[in-house]
Amino acid sequence: MSHIHLPDGVLPFWLWISGFIVAILLGTILSRFTKREDLTKRLPLLGMMAAAMVLGASVEIVPIAYHVNLTVISGILLGPSLIFLGTFVVNVILALFGHGGITVIGLNTLTLSIEGIFGYVFFRLFWKILRRLTPATFLATFLALLLSTFSMIGVVGLGTSHYEEMMHQEGKGIFEFNLLKEKGDPHQTRVAEKEVDLNRFMAIVIPLGFIGWVLEGVITVLISRYIHKLKPDLLRLGKETA
Amino acid sequence: MIQLSYLDYSATEGKSWLHRLSPKWKIIGMAFVLSAIVTVRSLPGLLLLYAILLGLFFLSRIPLKIFSLTLYPLIFAILFIFISGFQIFFILLVFVKVLCGSTGVVLLLATTPYPSIFRILGRFLPPLFVTALFLTYRSIFILLSIFEDTQHALYLRGGFQWRNPWRSLINISNAFGHLIIKGMEGSERMYESMVIRGFKNKIYYRGE
């Protein structure tokens, strides 16, 4: 749900260009925090986790248009710098399969990395406080997804004036397109009807998102417990485990 | 996503003129399609572009099985229509843009082997990023083969059943956990073999 499933050409030019600029800047800053040697060594691991995220994206729950992201568990395992590069790679590959537009790769990277980075931060924080794997993972996932969904709504909201402009394009363009126009429809009424309804969008996205946050939270908890049982070192929890 | 391997097979084994066309021209073509999607706001203009892309799709003799991939993004576009207050023109515009974009990229990927695309991307993107892209793409196929084995184990443990959602969730999560652990072990082996073969932050393609 946190992924912006918008096609190319719907968001305004300035918005997606800014998305790319901010993503590249953030990626450059975060990569400074990782040693070059460490980055090279962990590149195959990043590739594997990114591949798992791509595969997770293929598990579609059609009625609620939700797919498993695995971003939080990847963030916990990779750390904040690598998860950013990981989400960038995931978005490029997904865009190459037609899953999300190419121009929105930057914005998608920013929203998806919010999930990964905050997932990591929240997990460490809740682990320190609670010392229990299940609630720490669930709360970290739930809150990280909530944050990224609201950032996605924010991004969609920033393009409001652009959508209105697009709606008023009817009949303009290369050819006149009159097939769908109703005869005798007063112009004023039609203009009033053509307003972007962000509240309706939120009313649809938030309840569906809530189901997704809970579902992803449960799946992340179960995955982390499975990893904890077989390879506890991967979670880097220290000596005390739950 | 299982269709990925089929997409890759189509790109390497296809013999049509679009398969034989230089990847450079296909990427330029894709950039043209993309700029048209971004700038054109006329529905007939976009429908014309979609018709051209469909024509190319069928002329390239790409297996019909792959066509469903181009329709996949519509699931999400349906969510987006609520923002417009059900304006038919806007909905059609968004849908045709979605279809043009997805058909364009699927057409590119179904007729061009991925190393050729990554080689061209490597000319203007940082080597580290292109290497990460390459390794991710390679890892998808490694994970898919692990997933095939895991599917049998999942089936024996009850698989996915709507009647027993909790058991199903545990099974799916265990499958992903298994994939992650096996993937990590695989990534360590992959890194070791890459270092033995002289890997130094960059993957070189044939002809470089």
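Just above sits the structure.
Keep in mind it's a predicted model, so treat the numbers as computed, not measured.

J.: Tell me about the overall build of chain B, residues and numbers included.
T.: Tallying secondary structure elements over chain B gives 10 helices and 0 strands in all. Dimensions along the principal axes, computed over C-alpha positions, put chain B at roughly 55 × 50 × 30 Å. Partitioning the intrachain contacts of chain B with sequence separation of at least 6 by distance along the chain shows that 71% fall at a separation of at least 24. Accessible area of chain B: about 10,300 Å², with a carbon and sulfur share of 65%. Between the centroid of the 20 positive side chains of chain B and the centroid of its 8 negative side chains there is a distance of 11 Å.

J.: Tell me what's going on with the environment of A:Ala23, and back it up with residues and numbers.
T.: Residue and element names in this part refer to chain A. Examined against the element boundaries, Ala23 turns out to sit in helix H1 (residues 13-32). The exposure class assigned to Ala23 is buried, which follows from its relative accessible area of 0%. Each C-alpha atom, one on Ala23 and one on Ser113, is 9.6 Å from the other, the two residues being 90 residues apart in sequence. Residue contacts for Ala23: discarding those within four places in its chain leaves Phe84, Phe88, Gly106 and Leu110.

J.: Go over helix H7 (residues 88-111) of chain B with me, naming the residues and quoting the values.
T.: Given a rise of 1.5 Å per residue, 24 residues ought to cover 34 Å, and the 34 Å separating the end C-alpha atoms of H7(B) matches this to within 8%. Burial within H7(B) is extensive, with 21 of its 24 residues counted as buried.

J.: Describe the interface of chain A and chain B, listing the residues and the values that go with them.
T.: With 80 residues of chain A at the contact, the number on the chain B side is 71 residues. Carbon and sulfur atoms make up 82% of the area that chain A and chain B hide from each other, which totals about 7,100 Å². The interface formed by chain A and chain B holds 1 salt bridge in total. Its salt-bridge partner being A:Lys231, residue B:Glu185 comes within 3.6 Å of it at the nearest N-O pair. For the side of chain A that touches chain B, the elements supplying multiple residues, two or more each, are helix H2 (36-56), helix H3 (71-78), helix H4 (80-96), helix H7 (160-167) and helix H9 (198-230) of chain A. For the side of chain A that touches chain B, the element with the most residues is H2(A), which contributes 17 residues. Class assignment of the residues belonging to the side of chain A that touches chain B gives a composition of 54 nonpolar, 13 polar and 13 charged.

J.: Could you give an account of the packing of aromatic side chains, naming the residues involved and the relevant values?
T.: On inspection of all chains with the given rule, the structure shows 19 aromatic pairs over all chains. With a centroid separation of 6.1 Å and 75° between ring planes, the pair formed by A:Phe210 and A:Trp213 is classed as edge-to-face. Of this pair, A:Phe210 and A:Trp213 both sit in helix H9, 3 residues apart, which is roughly one turn of that helix. On the accessibility criterion, A:Phe210 (44% relative accessible area) is partly exposed. Looking at A:Trp213, the relative accessible area reads 3%, which means it is buried. In textbook terms, an aromatic cluster arises when at least three aromatic residues are bridged by ring pairs, as seen for B:Tyr114, B:Phe118, B:Phe134, B:Tyr137 and B:Phe141.

J.: Help me get a handle on the pattern of salt bridges, residues and values and all.
T.: For side chains bearing opposite charge, pairing can occur when the charged atoms are close. Using the criterion set out here, one finds 2 salt bridges over all chains in the structure. One network of salt bridges, in which partners are shared, links A:Lys231, B:Lys182 and B:Glu185.

J.: Explain the nonpolar core to me, using residue names and the numbers behind them.
T.: B:Leu7, B:Phe118 and B:Ile180 are the most contacted members of the largest nonpolar core, which has 136 residues in total. Tallying contributions element by element places H7(B) first for this core, with 14 residues. When residues are assigned to domains, this core turns out to be shared by domain 1 (2-112) and domain 2 (120-196) of chain B, each giving three or more. Contacts of B:Ile180, omitting those with residues within four sequence positions, involve A:Met49, A:Ala52, A:Ile73, A:Leu77, A:Ile223 and A:Ile227.

Rules behind the numbers
- Residues numbered from 1 in each chain as written.
- Chains lettered and ligands numbered in written order.
- Predicted model: local features only at pLDDT ≥ 70, side-chain atom pairs only at ≥ 80, totals over all residues.
- Heavy atoms only, no water.
- Helix = DSSP H or I, 4+ residues; strand = E, 2+ residues; numbered from the N terminus.
- Contact = heavy atoms within 4.5 Å.
- Areas by Shrake-Rupley, 256 points an atom, 1.4 Å probe, with all protein chains shown as cover.
- Lys, Arg positive; Asp, Glu negative; His and termini not counted.
- Charge placed at Lys NZ, Arg CZ, Asp CG, Glu CD.
- Buried < 20%, exposed > 50% of the residue type's maximum accessible area, 1.4 Å probe, protein only.
- Expected span 1.5 Å × (residues − 1).
- Buried area = accessible area lost by both parts, 1.4 Å probe.
- Salt bridge = Lys/Arg side-chain N within 4 Å of Asp/Glu carboxyl O.
- Nonpolar A, V, L, I, M, F, W, Y, C, P; charged D, E, K, R; others polar.
- Phe/Tyr/Trp six-rings, centres within 6.5 Å; stacked < 30°, edge-to-face > 60°.
- Core = buried A, V, L, I, M, F, W, Y, C linked by side-chain atoms within 4.5 Å.
- Domains from an automatic or database assignment.

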